[in-house]
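Residue-level structural notes
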Amino acid sequence: MLFSTLARNRTLFARRATLATTSTTSQQQLRQKSSSPIPAPVLSKWYSIFGKSTIGYATWLVGGIIVAEGLTGMLGDAFWGSVNHGRTFDTVDWSKFKTDDEEEEEEEEEEETDAPGPPPVAVTAADLLPPPAPAPIQPVQIITQKNVPMRDAATQTFIAVQEQ
């Protein structure tokens with residue numbers, strides 16, 4: 001039993017050593033294969049400008065979102081225009097729909113605009129001044145007689161007025 005345990009440990013140790021050397025070389029190969037397509041100096045410069053602070057990274061995100069939105073909007077509009085060419089207001093040939101009545105109306109409008117209009121009105125400096133301000137409202141004094149009842153307009157009841 002002792003010898004079988006030693007033999008088993010020896011094989012496990014040999015496997016671990018083999019795995020350690022192969023995993024080291026596979027990790028190096030993986031690093032070489034998974035290297036970024038963007039060169040390291042460019043990434044380093046980007047990090048020094050945008051990645052170091054939260055506000056820099058937020059600025060990068062907002063700018064990227066605005067640029068991406070603009071690009072997708074332009075591409076979407078270009079695709080829409082190519083698919084719907086001749087069906088939108090901008091791409092319809094409106095000369096196909098022109099009638100003779102419209103030409104006559106345009107000629108009549110041109111004749112009307114050529115006719116002389118009313119003579120121009122002379123404007124004086126007094127016409128340009130603002131109108132005078134209205135006179136202030138004078139307060140009205142109500143004069144009542146002693147012990148004469150008055151009628152309340154809201155309730156249509158008589159109110160006895162007493163002078164002091």
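All values reported here derive from a predicted model rather than from experimental measurement.

1. Overview of the overall build of the protein chain
Counting its secondary structure elements, the protein chain contains five helices and two strands. The N-to-C order of helical and strand elements in the protein chain reads α-α-α-α-α-β-β. Burial status across the protein chain gives 2% buried among its 164 residues. When the accessible surface of the protein chain is totalled, it reaches about 16000 Å², and 63% of it is carbon and sulfur.

2. A closer look at the packing of aromatic side chains
Evaluation of the coordinates by the stated rule reveals five aromatic pairs. Plain terms: the ring middles of tryptophan 46 and phenylalanine 50 are 6.3 Å apart, the flat faces sit at 40° to each other, and that makes the pair tilted. Taken together, the positions of tryptophan 46 and phenylalanine 50, both in helix H2 (residues 40-51) and four residues apart, correspond to about one turn of that helix. Tryptophan 46 gets classed as partly exposed once you look at its relative accessible area, which sits at 26%. A ring pair is formed by tryptophan 46 and tryptophan 60, whose centres lie 5.5 Å apart and whose planes are at 80°; its orientation type is edge-to-face. Here tryptophan 46 is found in helix H2, whereas its partner tryptophan 60 is found in helix H3 (residues 54-83), with 14 residues between them in sequence. Three or more aromatic residues joined by ring pairs make a cluster, and in this case those are Trp46, Phe50, Tyr57 and Trp60.

Reading the values: the criteria
Residues numbered from 1 in each chain as written. Predicted model: local features only at pLDDT ≥ 70, side-chain atom pairs only at ≥ 80, totals over all residues. Heavy atoms only, no water. Helix = DSSP H or I, 4+ residues; strand = E, 2+ residues; numbered from the N terminus. Buried < 20%, exposed > 50% of the residue type's maximum accessible area, 1.4 Å probe, protein only. Areas by Shrake-Rupley, 256 points an atom, 1.4 Å probe, with all protein chains shown as cover. Phe/Tyr/Trp six-rings, centres within 6.5 Å; stacked < 30°, edge-to-face > 60°.

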